[in-house]
Amino acid sequence: MKKVSIIVPMYNEEEAAPLFFEHIEKVINENKNYEFEIVAVNDGSKDNTLSILLEKQKILPHLVVVDLSRNWGHESAVTAGLKEATGDCLIPIDADLQDPPELIPELLKMWEEGYQVVNAQRGNRKKDSSFKKNTAGIYYKLLNHLSSKVKVPYNVANFRLLDRRVADHVIEMQETSRVFRVQVPFLGFKTGTVLFSREERVKGKSKYNIRSMFNLALSSIVSLTTRPLRWSIGVTVFFSCTFLLSAVTELVLYILALNNIVNISNFGFAIWLIINVMLFIACFMFFVLAVISVYLSQAVEDARRRPTVIVNKVYKK
């Protein structure tokens, strides 16, 4: 019998936790052909979340409780759950029921069809505010614009199914700034999608404020690509072309002025010369910055220790 691990990061979810277990237990009871384990990660909650989990564990033998030393953040909590889970496939899911547990059978069905990653994608964002919808759209467009090869699927958060092999590769990634929704697409593998309509949070308050969303966006860009580091190369080329065009133009006009073909004062040429000197200095500074950026971007890639290539399968006769 195949084993399914459901990973639930929780931070101050004492109101939502009982309702979540009601829903997840119903899903488990309706799918007897799988063995389930629930890995609940208490991410340094300051309320009674841990006590509720420990009480639930007394009546739910398949519940594993991981208590973190402090609040490490959602991405770190998911990582802790992945490391502790022992299933043949793993499903991270939030406890607020905005990720519907009832979707799990559909994810498992696609997994059985051979998909190694099954994304749970929001079909729409009607329940979100205009601000959140617009910023989410900008977020995904920016990520995919910056990355030429890795495409982050729109409106897909952490709720998805990972085959054991894919999960192991995610765990092996050693960078400290972890963004799950970027790391999984980076790996590739056969990926399917299940659409769902995201409901409003049932209990409690969302822990994601504007600051959290900004930090997530920043971490996503840093985790996905070193391309911004190389922008200084483009700036260097721009200033160099501007300097050369300005210097050549000034030289030509100065020669024409000496022959009384054009009338430009010495003061005008002096100001223009100062501008050209400033452009030259800017070119030199950006050139140095570009060289540093190239080496720094390579150092970042090496420090991440991500695999340079992943072989899915070798076919031999």
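Residues numbered from 1 in each chain as written. Predicted model: local features only at pLDDT ≥ 70, side-chain atom pairs only at ≥ 80, totals over all residues. Heavy atoms only, no water.

Caption draft 1: Quick peek at the overall build of the protein. Looking only at helices and strands, the protein has 10 helices and 7 strands in total. The proportion of buried residues among the 317 residues of the protein is 43%. For the protein, restricting intrachain contacts to residue pairs at least 6 apart in sequence, the fraction spanning at least 24 positions comes to 79%. As displayed, the protein has an accessible area near 17800 Å², and 61% of this comes from carbon and sulfur atoms. (Helix = DSSP H or I, 4+ residues; strand = E, 2+ residues; numbered from the N terminus. Buried < 20%, exposed > 50% of the residue type's maximum accessible area, 1.4 Å probe, protein only. Contact = heavy atoms within 4.5 Å. Areas by Shrake-Rupley, 256 points an atom, 1.4 Å probe, with all protein chains shown as cover.)

Caption draft 2: Inspection of the pattern of salt bridges at higher detail. Enumeration over the complete set of coordinates arrives at 4 salt bridges. Between K2 and E112 there is a salt bridge; the shortest N-O distance is 2.8 Å. Taken together, the residues span a long stretch of sequence, with K2 in the segment before strand 1 (3-10) and E112 in helix 4 (residues 104-112) at a distance of 110 residues. The class for K2 is partly exposed, based on a relative accessible area of 38%. By relative accessible area, E112 is classed as partly exposed at 38%. K3 serves as the salt-bridge partner of E37, at 3.7 Å between the closest nitrogen and oxygen. Of the two residues, E37 sits in strand 2 (residues 35-42) while K3 sits in strand 1, which places them 34 residues apart along the sequence. According to the relative accessible area criterion, E37 is buried, its value standing at 7%. (Salt bridge = Lys/Arg side-chain N within 4 Å of Asp/Glu carboxyl O.)

Caption draft 3: Focus on the packing of helix 6 (residues 164-172) against helix 7 (residues 180-187). Between helix 6 and helix 7, the shortest axis-to-axis distance is 10 Å and the interhelical angle comes to 120 degrees. With respect to helix 7, the axis of helix 6 lies oblique. In this structure, helix 6 meets helix 7 at a crossing whose hand is right-handed. The segment helix 6 lies against helix 7, with V166, H169 and V170 engaging F180, Q183, V184 and L187. (Axes fitted to C-alpha atoms, helices over the stretch in contact; angles between N-to-C directions. Parallel < 35°, antiparallel > 145°, perpendicular 65-115°, else oblique. Left-handed = near helix turned anticlockwise from the far one by under 90°.)

Caption draft 4: Structural detail: the environment of L63. Along the polypeptide, L63 turns up in strand 3 (residues 63-67). Aside from chain neighbours lying at most four places away, what touches L63 is F21, I38, A40, L53, K56 and Q57.

Caption draft 5: Seen up close, helix 1 (residues 17-29). An ideal rise of 1.5 Å per residue puts 18 Å on 13 residues; helix 1 measures up with 18 Å between its terminal C-alpha atoms. Three or more residues of helix 1 are buried, namely A17, F20, F21, I24, E25, V27 and I28. Angular distribution of buried residues about the axis of helix 1 spans 155 degrees; they occupy a single face of the element. Turned more than 90 degrees from where helix 1 packs its buried face, E22 and K26 sit exposed. Those residues of helix 1 that are buried lie in contact with strand 1, strand 2, helix 2 (49-59), strand 3 and helix 4. (Expected span 1.5 Å × (residues − 1). Arc of directions from axis to C-beta.)

Caption draft 6: Spatial organisation of the pairing of strand 3. Where strand 2 meets strand 3, 5 bridges bridge the pair, whose relative direction is parallel. Looking at strand 3, one finds that N42 is bridged to D67. The parallel pair strand 2 and strand 3 is bridged by helix 2, and the resulting crossover is right-handed. (Pairing = 2+ DSSP bridges. Right-handed = clockwise from strand over helix to strand, strands pointing away.)

Caption draft 7: Broad picture of the packing of aromatic side chains. Enumeration according to the criterion identifies 3 aromatic pairs in this entry. Ring centres 5.6 Å apart and planes at 75 degrees place the aromatic pair F20 and F21 in the edge-to-face group. Accessibility assignment for this pair places F20 and F21 in one class, buried. Summarising the aromatic geometry, the rings of F159 and F196 are spaced 6.0 Å apart at their centres and angled 75 degrees between planes, so their arrangement reads as edge-to-face. With F159 in the loop between helix 5 (130-146) and strand 6 (160-163) and F196 in strand 7 (residues 191-196), the pair connects residues that are 37 residues apart, well separated along the chain. Comparing F159 with F196 shows no difference in burial state: the two are buried. Positioned above the aromatic ring of W72, the side-chain terminus of R70 is 3.5 Å from the ring centre. One cation-aromatic arrangement involves K190 over Y115; the distance from NZ or CZ to the ring centre is 4.7 Å. (Phe/Tyr/Trp six-rings, centres within 6.5 Å; stacked < 30°, edge-to-face > 60°. Lys NZ or Arg CZ within 6 Å of the ring centre and 35° of its normal.)

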